[in-house]
Amino acid sequence: MAQNLKQQFLTTFIAGAVLLFGIAVVINMIADNAHIGRFDLTADQVYKLSPSVKKILADLEAPIELTYYVSSSEKMPTQWKNLERDVIDKLEELKLASAGKLTYKVFDPSAEEEKEAMQQPAEGEPAPDLVRNTDRPNTDRKKIAQRLYEKGVIPFGVQSTSQDEFAIKRVYSSIVLSYLDRKEDVIQEVRPESFGNLEYEIMSRIYKLISNRRPRIGFYPAQPEIPPQYRQYYRQGPPPDMYEYTVELLREAGYDVQRTNITADDPVPEDIQTMVLMVDQQLSQRQLFEISRLAHQGVRIVLAAQQNNYQISAGGEPGSFMLRGMPARLNINSITGDWGFEFDPAMFMDKSSAYIQIPVYQTRDMGLFSVRQQRMEPVTKPVIIKVNPENINTDLSISNKISELFYLYGGRIILNRDAASADSIALRTLFTSSNYSWTTQGSPYGPINENPPPDSEILRHQIFGLIAEGTFPSSFAGQVIPQWPPDPESGEQPAQADSSVWNPGSPVENKMLAFGCTNMFKSDVLQSVTSHKALLLNAVDALTLGDELINIRSKNIHARRIREISSFGKALSKGFVVWLMPAVFVVLGIFFTIRRRMGHHNR
């Protein structure tokens, strides 16, 4: 009887186990084909697609194909081994969101190249293209690496650290986007640290691919004009082009950039989607009219204005440096004031500052000769402003990829929300100063007082960058169109059209970005600060390529660091860790000892 029960139990157990295994296999097969998506439980919604993605992909007229060229995980450094899986997960989500309009495939160039090398003919054996009915490929074709290089897919070096070696590995990690017969676009380096930007990078390139022509933008200034007060310093040649690299960066990003000085002989280019304005000197009334006309007619505008510059020179004592102001006296506020904001002409200072290198000269006597030597010294001043991550708006794609900004000699933007509301203009902040900043008037071209004011005058989180959305009225509506000023060199008056009153009609819905600093976009700064490149390209992309791009957020995982605590808090924490458990044991020991003695007395 016991034997039968044991045999029956064993049979039931095996049958149940097989049945459960079969159910698990069937459920897994169904779930594998269901594609129900992933549940994102992270605080920042790191793995969730932005709502704008589906709207952008719905505009595709034909399927678009993405090819991810990536080295196998075995050849990747330790911190890169999960990259392929993460990218494929992102591509799979984009594929599902596109409803079949986006497809992707993964290709390992290294593995294919090794396979190709294994199939080379032996010495003396005829080449495969001369052999009939052979399964071997044509070895006369170009090598895979060379063909990929022509596409723009190039392996790059990555630091790899193991227990006993430090090396540089060359790996592939690039995405190629193909759409109809148009030129392929390439995301050349997909890295773990930039993975959070991948969604934005892909969608911005899709925008460029579905367009029938390269987006065209205007850029002011062209070759810089020399203000009359400075012409004596440039008799030997023109001043340097401070935005040469800036323009080249935009052209490399796929834009047709047309530079202009907005003059009678060099007018605003036709058919531009966006106008980039770097204003660091006074503008003529006709230039102000042209800018106002563009905003009124719906041309997107990126506007940066520099109200003040400074000269930092060595003082009389070693290690001391003097700060002198150089105000630009801009008149751009005469039109921006009607749009709800103005660039404050006051000198702005912030406790959060960075360092720059200042040349210091020293004369040394060497026998009969004196030698003048130069060295570079690090200097910090409250006008060398550093914008920290906590003061950057992470809700907009324009600014949420930015780690920090070098806001060199920049000023604040003052809002007039009454004027903005009257014209139905919405203003949103991109980044601000710290919670300890102040303004000072100073004497023009003289020494500047750097000391902070009393606490009652301290300013907190003043606006440095903003986005304005709505209809921008023209300040010249109903007025006679200003005439072009005479040529500054010859003094000749350019040919003028008949004077007429400007009747622009109703303004067009538009968007504008404003920054209180042009120095951050000049070539020398832009080349050395990566976050500034990202800010410029994000700004132009968001305005030029489409409204939906503004709402695509970065998916970077932010480190949540423990905030700094006071000395009392540190002592309390240390006491809690070191003395709490011993104190608990002492108290428990005393309690049980007293209890035991009381028990003996009761007996």
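So, a few notes on the structure that sits alongside this text. (Residues numbered from 1 in each chain as written. Predicted model: local features only at pLDDT ≥ 70, side-chain atom pairs only at ≥ 80, totals over all residues. Heavy atoms only, no water.)

1. A look at the packing of aromatic side chains
Consideration 1: Within this structure, the stated rule accounts for 15 aromatic pairs.
Consideration 2: Between Trp-339 and Phe-472 the ring centres are 5.7 Å apart and the planes differ by 85 degrees, which places this aromatic pair in the edge-to-face class. One end of the pair, Trp-339, is in the loop between helix H9 (333–336) and strand S13 (341–343); the other, Phe-472, is in the loop between strand S21 (463–471) and strand S22 (509–515), and 133 residues separate them in sequence. Here Trp-339 matches Phe-472 in class, with each residue buried.
Consideration 3: Taking 5.3 Å as the distance between ring centres and 70 degrees as the angle between the ring planes, the aromatic pair formed by Phe-591 and Phe-592 counts as edge-to-face.
Consideration 4: Among the residues examined, Phe-591 registers a relative accessible area of 46% and is labelled partly exposed.
Consideration 5: Judged by its relative accessible area of 43%, Phe-592 falls in the partly exposed class. (Phe/Tyr/Trp six-rings, centres within 6.5 Å; stacked < 30°, edge-to-face > 60°. Helix = DSSP H or I, 4+ residues; strand = E, 2+ residues; numbered from the N terminus. Buried < 20%, exposed > 50% of the residue type's maximum accessible area, 1.4 Å probe, protein only.)

2. What to know about the side chain of Thr-246
Consideration 1: Tracing the backbone shows Thr-246 in helix H7 (residues 244–252).
Consideration 2: Using a relative accessible area of 0% as the deciding quantity, one classes Thr-246 as buried.
Consideration 3: Apart from the residues within four sequence positions on either side, Thr-246 is in contact with Phe-219, Phe-521, Lys-522, Ser-523, Leu-526 and Leu-536. (Contact = heavy atoms within 4.5 Å.)

3. With respect to H7
Consideration 1: Among the residues of H7, Thr-246, Val-247, Leu-249 and Leu-250 are the ones counted as buried. Seen from one end, H7 has its buried residues packed into an arc of 155 degrees, which puts them on one side. Facing away from the buried side of H7 by over 90 degrees, the exposed positions are Glu-244 and Glu-252.
Consideration 2: Packed against the buried residues of H7 are strand S7 (216–220), strand S8 (256–259), helix H11 (523–528) and helix H12 (530–545). (Arc of directions from axis to C-beta.)

4. Focus on a nonpolar patch on the surface
Consideration 1: Together, Phe-576, Val-577, Val-578, Trp-579, Leu-580, Met-581, Val-584, Phe-585, Leu-588, Phe-591 and Phe-592 make up an exposed nonpolar region whose accessible area comes to about 1,100 Å².
Consideration 2: In this structure, Leu-588 sits in helix H13 (residues 567–602).
Consideration 3: For Leu-588, a relative accessible area of 39% gives the class partly exposed. (Patch = residues over 30% accessible without salt bridge, like charges linked within 9 Å, V, L, I, M, F, W, Y side chains within 5 Å. Areas by Shrake-Rupley, 256 points an atom, 1.4 Å probe, with all protein chains shown as cover. Salt bridge = Lys/Arg side-chain N within 4 Å of Asp/Glu carboxyl O.)

5. Re unusual backbone geometry
Consideration 1: A cis amide bond links Tyr-220 to the next residue, Pro-221, at an omega of 5 degrees.
Consideration 2: Following the sequence through the fold, Pro-221 ends up in the loop between S7 and H7.
Consideration 3: One non-glycine residue, Tyr-409, adopts positive backbone phi at about 60 degrees.
Consideration 4: Within the secondary structure layout, Tyr-409 lies in the loop between strand S17 (405–408) and strand S18 (413–415).

6. Structural notes on the nonpolar core
Soluble, globular proteins show a tendency: their nonpolar side chains are buried together.
Consideration 1: Ile-175, Ile-202, Met-203 and Phe-431 are the most contacted members of the largest nonpolar core, which totals 75 residues.
Consideration 2: Setting aside residues up to four positions removed in sequence, Met-203 forms contacts with Val-53, Ile-56, Leu-57, Leu-94, Leu-549 and Ile-552.
Consideration 3: Listed in part, the 37 residues of the second largest apolar core include Phe-289, Ala-305, Ile-332 and Phe-476. (Core = buried A, V, L, I, M, F, W, Y, C linked by side-chain atoms within 4.5 Å.)

7. Some details on the pattern of salt bridges
Consideration 1: For the structure on display, the rule yields 19 salt bridges.
Consideration 2: Connected through salt bridges with shared partners, the residues Asp-185, Glu-201 and Arg-205 form a single ionic network.

8. Structural notes on the sheet that holds strand S6 (residues 185–187)
Consideration 1: The strand order across the open sheet formed by four strands is S2-S1-S5-S6, and the pairing between neighbours is mixed. Since the sheet does not close on itself, it has two edges, and those belong to strand S2 (102–107) and S6, each with one partner. The mean inter-strand angle of the sheet, taken between neighbouring strand axes irrespective of direction, is 20 degrees.
Consideration 2: When strand S1 (residues 64–70) meets S2, the two strands line up parallel, connected through six bridges. Paired with Thr-67 across the bridge in S2 is Lys-105. (Pairing = 2+ DSSP bridges. Axes fitted to C-alpha atoms, helices over the stretch in contact; angles between N-to-C directions.)

9. A few points about helix H8 (residues 285–297)
An α-helix turns once per 3.6 residues; consequently, residues spaced three or four apart project the same way.
Consideration 1: With 13 residues, H8 extends 18 Å between its outermost C-alpha atoms, agreeing within 8% with the 18 Å of an ideal straight helix rising 1.5 Å per residue.
Consideration 2: Across the 13 residues of H8, 11 count as buried, placing the element largely inside the fold.
Consideration 3: Against the buried residues of H8 lie S7, strand S9 (274–279), strand S10 (300–305), H9 and S22.
Consideration 4: Directly beyond the C-terminal end of H8, a positive phi value near 100 degrees is found at Gly-298. (Expected span 1.5 Å × (residues − 1).)

10. What about the environment of Ser-434?
Consideration 1: Inspection of the secondary structure puts Ser-434 in the loop between strand S19 (426–432) and strand S20 (437–440).
Consideration 2: Through-space distance from the C-alpha of Ser-434 to that of Asp-350 is 6.9 Å; in sequence the pair is 84 residues apart.
Consideration 3: Leave out the neighbours within four places in its chain, and Ser-434 touches Asp-350, Lys-351, Ser-352, Asn-391, Leu-459, Arg-460 and His-461.
Consideration 4: Side-chain polar atoms of Ser-434 contact the side chain of Asp-350, separated by 2.5 Å.
Consideration 5: One polar contact links the side chain of Ser-434 to the main-chain amide nitrogen of Tyr-436, over a distance of 3.2 Å. (Polar contact = N/O pair within 3.5 Å; in protein donor to acceptor, adjacent residues only side chain to side chain.)

11. Comments concerning the sheet that holds S21
Strands belonging to one sheet form pairs held by backbone hydrogen bonds; the direction of such a pair is parallel or antiparallel.
Consideration 1: One open sheet holds the seven strands; their spatial order is S8-S7-S9-S10-S22-S21-S19, and the pairing between them is mixed. Of all the strands in the sheet, the pair left with one neighbour each is S8 and S19. Ignoring which end each strand starts from, the neighbouring axes of this sheet average 15 degrees apart.
Consideration 2: As paired strands, S19 and S21 are joined by six bridges and run antiparallel to one another. Bridge pairing links Thr-432 to Ile-463 in S21.
Consideration 3: Together, S7 and S8 form the strand contacts of H7, whose direction differs from that of S8 by roughly 150 degrees.

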